[in-house]
Amino acid sequence: MSALKVGILTVSDRCSRGEAEDKSGPNLQKLVRSSKLNVNEVLCDCVPDERNEIKRVLLAWCDTEELHLVLTTGGTGFSPRDVTPEVTTEVIERPAPGLSLAMLSESLKVTPMAMLSRAACGIRKGTIIINLPGSLKGSQECFQFVLPALPHAIEVLRNSANVGVTHASMQGPAHSPASTHHSCPHKAHGKTVRDLSKVAQRDRHSPYPLVPMDEALSKIMDNSQCLPQMVTPWEIR
């Protein structure tokens, strides 16, 4: 993956006024730089919980700076001042609910309070925007939850030449027989979608394991129900 540009935006009234120390933003910067994302530039900013301020930074980072990834921390809760998800929804052009779902489902395994998070994620032009919680622990955990998918997501979004290599590794024999068969949702064999009515475009090997004949017949008989005998009109006397 080529070198990436990442933005980290802390959304907090108190931190922006200097009344509290921003711990989440600097921690995320360390995590990003030490991750497998191959980051060469990180932009950081801190704004109050104001719609116009949040939107100003997001638009500048997506449209002018053309960052690959933007992480926000803070403003995703139930407080009347928490508006980061609403502003993010206004800015993005396409939602990415899978990222939000991954963070929520994994966070619920840590604490039931995670259900109060309203994080939004999505895409604007070539930039992925991800809302993270405002706490040091929460933002770090949620970033680590989505990190495994980010390199491939950024490659696909930027039409990287490495996308084909990643797809091939997903489909290739390197996976053990016990691994789950993966079919990338945006992958089409070659450049066209398969037409299963054409024999040549069908899979050469079944993704399902072979079953011995005796076992197959036994399963059929065990799951079959006998139909009642039909009586024809001329048999009725």
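Scroll up to find the structure this text is about.
This one's a predicted model, so the numbers in the text were calculated from it and none came from an experiment.

Asks: I'd like to hear about the sheet that holds strand β4 (residues 94-95), residue by residue, with values.
Replies: Strand order in the open sheet made by the 6 strands is β2-β1-β3-β6-β5-β4, with mixed pairing throughout. Two strands in the sheet have a free side with no partner beyond their single neighbour: β2 (39-47) and β4. Bridging between strand β3 (residues 69-73) and strand β6 (residues 127-132) involves 5 bridges; their strand directions are parallel. Looking at the pairing, V70 lines up with I129 of β6. Against the sheet, helix α5 (residues 97-108) contacts β4, β5 (121-124) and β6, and its axis sits at roughly 30° relative to β6. In the packing of helix α7 (residues 150-157) onto the sheet, contacts are made with β1 (4-11), β3, β4, β5 and β6, and the angle to β6 comes to roughly 145°.

Asks: Tell me about the pattern of salt bridges, residues and numbers included.
Replies: Taken as a whole and judged by the stated rule, the model has 12 salt bridges. R51 serves as the salt-bridge partner of E90, at 3.3 Å between the closest nitrogen and oxygen. Of this pair, E90 sits in helix α4 (residues 84-91) while R51 sits in helix α3 (residues 51-64), and the two are 39 residues apart along the sequence.

Rules behind the numbers
- Each residue is numbered by its place in its chain's sequence as written, counting from 1.
- pLDDT decides what is reported in this predicted model: residues at 70 or higher carry local features, side-chain atom pairs at 80 or more are listed and counted, and totals for whole chains, interfaces and linings draw on all residues regardless.
- The basis for every side-chain value is the complete set of non-hydrogen atoms in the structure, without hydrogens or water.
- Two strands make a pair as long as DSSP finds a minimum of two bridges between them.
- The helix count covers DSSP runs of H or I at least four residues long, the strand count covers runs of E at least two residues long, and both are numbered beginning at the N terminus.
- Note on definitions: a residue-residue contact is assigned when non-hydrogen atoms from the two residues lie within 4.5 Å.
- Lines fitted to C-alpha atoms define the axes, with helix axes restricted to the stretch in contact, and inter-axis angles between N-to-C directions lie between 0 and 180 degrees.
- Here a salt bridge means any side-chain nitrogen of Lys or Arg lying within 4 Å of a carboxyl oxygen belonging to Asp or Glu.

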